[in-house]
Amino acid sequence: HTMLLIINVFLFSSETHYLLFPFMARLNFKHMFCVSFDEARTFLCPLLKHLGQQVEPIASHLDAFGHDTLDRVPNIDFYRNAGSVSGHRAIRPSLQELHEVFEKVSDRQTHDVLPNDDLEAIASPEDNGGVVKFGWIKGVLVRCMLNIWGVMLFIRLSWVFGQAGSGLGIIIIILSMVVTTLTCLSMSAICTNGVVRGGGAYYLISRSLGPEFGGSIGLIFAFANAVAVAMYVVGFSETVVDLLKVNDAIMVDEVNDIRIVGCITVVLLLGISVAGMEWEAKAQIALLVILLLAIANVFVGTAIPATEEKRAKGFYSYQASIMAENFTPNFRDGETFFSVFAIFFPAATGILAGANISGDLKDPQGAIPIGTLLAIFITGITYLGIALCVSATVVRDATGNLNDTITPGAKCNFSVACNFGYDFSICRTTKCQYGLMNNFQVMTMVSGFGPLITAGTFSATISSALASLVSAPKVFQALCKDNIYKALHFFAKGHGKNNEPIRGYVLTFVIAVAFILIAELNIIAPIISNFFLASYALINFSCFHASYAKSPGWRPAYKYYNMWLSLFGAVLCCAVMFVINWWAALLTYAIEMFLYIYVTVKKPDVNWGSSTQAVTFVNAVNNALTLSGVDDHVKNFRPQCIVLTGTPKTRPALLDLAHSITKNYGLCITCDVFVGPRLEQQQALTAAMEQNQMWLNQQKRKAFYAAVASDNFREGAESLLQASGLGRLRPNTVILGFKRDWKTVYTANVQEYVGVLHDAFDFEYGIVMLRISQGLDISHILEAEEEMERMLVEQQALENEIEENGFQEGRKYFFKRSRKLSQKTHATKVTMEVPHSSDVAKINQRLVEASSQFKRKQGKGTIDVWWLYDDGGLTLLLPYILTTRKKWRECKLRIFIAGQPGHLEQDKEEMQSLLKKFRIKCTDITVIADFNIRPSSENWKLFEDMIEPYRLHEGSKDTAQAEALRKEHPWKITDAELDRFEDKTSLQLRLNELLQESSRAAKLIIVSMPIARKGSVSDHLYMAWLEALTKNVPPTLLVRGNHKSVLTFYS
C-alpha cells in the first residue's frame, strides 16, 4: 500500500527552518518530528523515491529571498481544490500567522479551505494506477466523427439533395455546420476556462450557469443519449431485417425481428462498454476503419463508368447536365426547405461525443476544442463531397427498366436522362423506384462494392449507438455525484480503475431495451433531437452569459470566440428546435422548466462560481448605483430596518416581527455587537458572520447579518448605525427589544442602552421597541439544548467505544469520561439527570411559546394603535404594513388618539378624514380626553418603589452633602428632576391604566414612544417610564418616527 504523506511547513523562529510533518496513513504514525529544512529534504527524497513518487526540486523561500520568512513563493498547489486528483493541495500561511505576534506552536488547520469549495474532484478511494486516458484523436476526433457520420450519410443524404437540389442542399449542410461550429467555439471557450472533469455537456453548463440549468439539462441530456442508443440500434436492426427479408429468412415477423435483433445487439454493446473504456475505444477504431472504407467506396464508385443496369436506375457517371438539373430544388410530397432541413440536421449532431467522456481524457482543455472542430470540418466536407458527387451522377427519377429507352423519332424532355437515351417520363404519373427522390439505397448503387456500403451503414449505426451508450452513464454519473437530485445518488458510485458507472450502464440498458421493444420511434426521434439542441443552446448561452458578466474569473485560454456569436448560436439552436418540430420544442422547454424550478426550490448545497452569480452581482451593483441617483420620495418610503437582535436565533420574536415588516419588500439587517477587545473577538466574529447568515437563509428570513467588535455595546451600535447600508439601501428604522433586566444590571449597561436610543435619534432614525412580558432572550435555553446534545453525543460515543473495545478495555475509559461528564452536568442549568424545578420549567416554557408567537398566523383580533404624537406617520404606517401580511391579515386596526374635552367628535371626524385621505382603513377611532387624570395611588406607590434604589434624595441633605452625592452618583434620579417631570411621569402611569382598560385583548399594541431629552432626563428615570408604560399589557411596540413625513395623500 502506498503511504499518504501530508507535509505542512512552518517557520518557528528567525534562526532555524523547521519541517513539521505528521505521518497519517495506514501505518498510523502519531509522533511529530521537528528537523531542519535540509535534514527533512535529505530524509524525504529517498523515502518518496522508494514509494514510487516523482521528486521535484523544492522551491525554498530562503533561496528566493535570502532571509528567513514565513511567506511562500507562488505555487500551483496553493490553488488546488480540496479534493484535487491532479496534485496535493498545499496550505499557505494565513494572514493571522503573518500579522499576529509570532508563536512557535500553531494550531493552524486547513483554514484556506472555503466552506463552499468545489469538491467535485474528490479522488476515488481505489488505486488509480493503470487508469486509461485518451488523447484528442482517439478520445475526441474519432468519437465525434463516428457519432456525426450516422445512417443519414448512406441512406437519406441523396434524398435531401434530390428534394432541395444541390444549391439549397449545400445551404442545409452549411447551416447545420454553422450551428455546430458556433456551439463548438462556445464549448471550447468554456472548457479552457479551468480544469474540466467528467460529465461533458452537463459539467460545462452546470459550472457556467449553475446547478439549476445544469441539473435540468443534465438529466434530459443523459436520457436523450439513453434513448438515442435505442434509435441507432433500431436503425441497425431494420437494415438487418431488410437483408433477412431479401433472403427470405424472417424469423417471426418484421416488427418482432427488429426487437429480437435489437435486444441481442444492445446486450453485445453493453458487454463491450462494461469491459472498459479501452475495449470500447478499440471497437470504435475498427468501426471507423470500416466507415472510411465505405466512404472511399462511394467516391471510387462514382468514377467507374456506369453499366447498363445502373444507367437504367439513373446513374450516368459525372455529367455537367445532371449537376445543372439537380442544382435547383424540386420539393415533392408536401416537403419544404425547413422540413428537409429538419430531417437532415440530426445527422450533424454528435459533437458532444468527445466532451461527454471529458473525465477520461488526458487533457480535456486541449483535446475537446481541436478534436471537435476538426471532426466538424472533416464530416462537413465529407457530407458535401458525397452529396455533390451523387448530385452530379444520378438523376432524380428512374424506372430501373432497361427497356425504357428513347424510341427513334420520339420527343423526350422529361429529364436530362433523355440526353443519354433513356425516357423516364412514366415517372411523371407513376411512382418510380429509383433515382435520388425514390431510392434510399442510391449509395449502394453508385458504390464500387455494394456490400461495403451495407457494412458502412452497420458501422455508422453501431458506432453511434456505442458512443451514446458510453455517454449517457458518464453524464448521469457526474450528475448524481453532485447530488442535485438526492434520490439518484445511488448511481454515483463507480467501479474499477476507470471509475466505470456500472449502475448507470444497467439503467441505460434498461431504457434502451424499453424503447427498442416499442420498435416505433418516429414520434420520439424529434424529441431527442430537440434535447440535443437544447444542450447546444445552453452551451452557447453559457459562453455568452459568462462573457456578459465580465467576471474576473472568466479567462478562457481559447480566444477564438465572440460573446455575440455565442448568443446568435443560442438563438439559432432555439429556432432550429421549432423548425424540426414545434411541439417537441415546447415539450422540451416544458420539461426543462419543470426541472429548473425543482432544482431552484430544492436549493442544492453547491457553489460553483457560476456566471449567474456574477450577473446577479453586476445587476445588484448597477441597480444600487441607479437608485443612488434618485432622490427619496415620501410615496416610496418603506421601513429599512436595522434590528439589534444579537445572534438572530436568540431573539426570534424580534426577528419575526421585523421580518413581517420588511418581508420581501424592504431592507432588514440583523446586528450583533461583540463586546470586548477587537483582537480577542475577531475570530468569534468571523465565524459568526457566515454561521448566522446561513441560519437566516435556512429559516427563510430575508435579512442580512452584520456584526462588529467593540469595547462596549453603545460604541458598537453607533458604528452599525453610521456604517450600515449602501447608497439608498440604508436603514432608516432601528428595531430593538426592551431591556427587561435594567433594574439588575450594572449602571453602565443601562447608560449604554439608553445611549443607543439617543444616538439613533441623533442620526435621525425612527425607533421601534418591542416588549413582551415574558422577555425576548432565549439564549440560555439554546445553550442548555446545545449542551444536552453534546452530552448525548458523548454518551453515544462512549457506548460505541465500550461495544467496540469490550467492557474490560472500556471500563477505564468509562470512569475517566464520566468524571468529565459530571463536571459539565454540574455546570449546566439543564442536565439529563437533574431536571428543572417546576417553576423554572414553566417560565422557560412560557418564554419559548412567547418567542414563537409571531411565527404563527394571528387569528381574528385587533392591532391597537395609540397614535398620541405626530412623528411623521411611522406609528400609523407600521400597523398598516402588518395588516397587509398574510399572518396579520385577519387583524383589524383600532386607532386611539388624544383629544380636547368638548371637541371629541370634531377630533374624531378630523382623524377619520385624515385616514380616508391616507387610504388606511380602521374599524374604530377612539378619542381619549382624560389623559390628564392623575393615576391611582397604588400605581404611584409601585412606581416610587421601583425607582427608589436609583434616587439621590438630595433634598433631605444639606448643600455640601447633596453636592458630594451628585459627584459620586451623577446617574441617580434627583428630587428636582422628579418634580420637573412629574407630569410626564403621571402621563406614562395613566397611559398604562388606559392600555389595560382598552387594549387588554389586542393581538398587538402600538404606542407612541416618549422621548427623553438629552441631559435632562436621567437614564434610570427614562427606563422607569418605559417600564411603567408597558407593564402588564399584551405585546407592545413603542414607536417614534424621525418626524419626517412617511405618509402622503397626494398622488
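Remember, predicted model here, so these are calculated numbers, not experimental data.

Chemist: Please provide a residue-by-residue account of the state of the cysteines, values included.
Modeler: Tallying each qualifying case throughout the model produces 1 disulfide. Left without a disulfide partner, C573 is nearest to the cysteine sulfur of C574, which lies 6.9 Å away.

Chemist: Run through the pairing of strand 5 (residues 668–675), naming residues and quoting values.
Modeler: By the criterion of burial, strand 5 is predominantly enclosed, with 7 of the 8 residues buried. In the sheet, strand 4 (residues 641–643) pairs with strand 5 via 3 bridges, with the strands oriented parallel. Bridging across to strand 5, C641 finds its partner in C668. Looking at chain direction, strand 5 and strand 6 (residues 704–710) are connected through 7 bridges and run parallel. Bridge pairing in strand 6 places I669 opposite F704. A crossover links strand 5 with its parallel partner strand 6, the connecting element being helix 23 (residues 678–698), and its sense is right-handed.

Chemist: Explain the sheet that holds strand 13 (residues 1036–1040) to me, using residue names and the numbers behind them.
Modeler: Sheet architecture is open: 10 strands sit in the order 6-5-4-7-8-13-12-9-10-11, paired in mixed fashion. Looking at which strands have only one partner, the edges of the open sheet turn out to be strand 6 and strand 11 (924–928). Here the strands of the sheet are splayed against their neighbours by 20 degrees on average, with no regard to which way each runs. Bridge analysis of strand 9 (residues 861–866) against strand 12 (residues 1004–1008) gives 4 bridges, and the strand direction is parallel. What sits directly across from W866, in strand 12, is V1007.

Chemist: Mind laying out the environment of R966, listing which residues take part and the relevant values?
Modeler: Residue placement: R966 occurs in helix 31 (residues 959–968). Expressed as a C-alpha distance, the spacing of R966 and E954, which sit 12 residues apart in the sequence, is 8.1 Å. Not counting residues within four places of it along the chain, the set of residues in contact with R966 comprises L952 and E954.

Chemist: Residues and numbers for the side chain of T372, please.
Modeler: Residue position: T372 is located in helix 14 (residues 364–391). What T372 contacts, discounting residues up to four positions off in sequence, is V140, C144, C184, M187, I351 and A367.

Chemist: I'd love a proper account of helix 34 (residues 1019–1030), names of residues and values included.
Modeler: An ideal rise of 1.5 Å per residue puts 16 Å on 12 residues; helix 34 measures up with 17 Å between its terminal C-alpha atoms. Counting buried positions along helix 34 yields 12 of 12 residues, so the element is predominantly enclosed. If you check which residues of helix 34 are buried, you get D1019, H1020, L1021, Y1022, M1023, A1024, W1025, L1026, E1027, A1028, L1029 and T1030. Packed against the buried residues of helix 34 are helix 25 (747–762), strand 8 (766–771), helix 30 (937–947), helix 32 (975–980), helix 33 (982–998) and strand 13. Within two residues after helix 34, N1032 carries a phi angle of roughly 60 degrees, on the positive side.

Parameters at a glance
- Residues numbered from 1 in each chain as written.
- Predicted model: local features only at pLDDT ≥ 70, side-chain atom pairs only at ≥ 80, totals over all residues.
- Heavy atoms only, no water.
- Disulfide = S-S within 2.5 Å.
- Buried < 20%, exposed > 50% of the residue type's maximum accessible area, 1.4 Å probe, protein only.
- Helix = DSSP H or I, 4+ residues; strand = E, 2+ residues; numbered from the N terminus.
- Pairing = 2+ DSSP bridges.
- Right-handed = clockwise from strand over helix to strand, strands pointing away.
- Axes fitted to C-alpha atoms, helices over the stretch in contact; angles between N-to-C directions.
- Contact = heavy atoms within 4.5 Å.
- Expected span 1.5 Å × (residues − 1).

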